Structures are given as structure tokens and as C-alpha cells.
Amino acid sequence: MTPAGTTTRALLDHYEGVLLDVYGVLMDARGPLPGAADLLAYLEGHHRPYAIVTNDASRSPATYT
């Protein structure tokens, strides 16, 4: 069975908060991915709690700011 299509905003309506992986979701080696800034602005504007996480231990946390 193929899952029904949805949008990011429709998914956000079903959850109280969200975890976002930094690499591959918000940015890659070239910089921020298209839509990443809009997503963060949407979360901030709608007072949705979120945390940015990563499992990339190749860089220090300070390099992600």
C-alpha cells in the first residue's frame, strides 16, 4: 500500500514539536538547503518547539552557528 501524500505543514499540525537533522535536512556542504530558512521561520512564527540535532561528529558544535 502506498502512503498518502502530504506536506510539511500538514505533518507539523499533528505534532507538538519537531526534531530537525541539520545535515541533509537544513543544510549540506554547500550551505542552507532551499526552504530551510522558511521552515525555521514558520516554526518560530507559529511558536512550534523544535530542536536541531545531528549525528555528524566530524565538526565541533561551534561550526554550526
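Notes on the structure follow. Model, not experiment: these values are computed from the prediction.

1. Quick notes on the overall build of the chain
Piece 1. When you go through the chain residue by residue, the secondary structure sums to two helices and four strands.
Piece 2. When its helices and strands are written in sequence order, the chain yields α-β-β-β-α-β.
Piece 3. Relative to the 2.2 N^0.38 estimate, which gives 11 Å for 65 residues, the radius of gyration of the chain is 14 Å and therefore markedly larger than a compact globule would have.
Piece 4. For the C-alpha atoms alone, the extent of the chain along its principal axes is close to 40 × 30 × 20 Å.
Piece 5. Looking at the chain as a whole, 15% of its 65 residues are labelled buried.
Piece 6. Within the chain, contacts between residues at least 6 apart in sequence are counted, and of these 65% link residues at least 24 apart.

2. A short note on the side chain of aspartate 28
Piece 1. With respect to the helices, strands and loops of the structure, aspartate 28 is situated in strand β2 (residues 27-28).
Piece 2. With relative accessibility at 17%, the residue aspartate 28 sits in the buried group.
Piece 3. Of the polar contacts made by the side chain of aspartate 28, one reaches the side chain of arginine 30; its length is 2.6 Å.

3. Some remarks on the nonpolar core
Piece 1. Residues Leu12, Leu20, Leu26, Ala36, Leu39, Tyr42 and Leu43 constitute the largest nonpolar core, which totals seven residues.
Piece 2. Per element, the largest residue contribution to this core is four residues, and it comes from helix α2 (residues 36-45).
Piece 3. Ignoring any residue separated from it by four or fewer positions in sequence, one finds leucine 26 in contact with Leu20, Asp21, Pro32, Leu33, Ala36 and Ile52.

4. Things to note about α2
Note: α-helices contain 3.6 residues per turn, so residues at a spacing of three or four share the same orientation.
Piece 1. Within the span of α2, buried status applies to Ala36, Leu39, Tyr42 and Leu43. Looking straight down α2, one finds that the buried residues subtend no more than 125° of arc, so they occupy a single side. Counted as exposed and oriented over 90 degrees from the buried face of α2: Ala37, Asp38 and Gly45.
Piece 2. If you follow the buried residues of α2, they end up packed against α1 (8-12), β1 (18-21) and β4 (50-53).
Piece 3. Backbone geometry just downstream of α2 places histidine 47 in the positive-phi region, at approximately 55°.

What counts and how
- Residues numbered from 1 in each chain as written.
- Predicted model: local features only at pLDDT ≥ 70, side-chain atom pairs only at ≥ 80, totals over all residues.
- Heavy atoms only, no water.
- Helix = DSSP H or I, 4+ residues; strand = E, 2+ residues; numbered from the N terminus.
- Rg over C-alpha atoms; globule rule 2.2 N^0.38 Å.
- Buried < 20%, exposed > 50% of the residue type's maximum accessible area, 1.4 Å probe, protein only.
- Contact = heavy atoms within 4.5 Å.
- Polar contact = N/O pair within 3.5 Å; in protein donor to acceptor, adjacent residues only side chain to side chain.
- Core = buried A, V, L, I, M, F, W, Y, C linked by side-chain atoms within 4.5 Å.
- Arc of directions from axis to C-beta.

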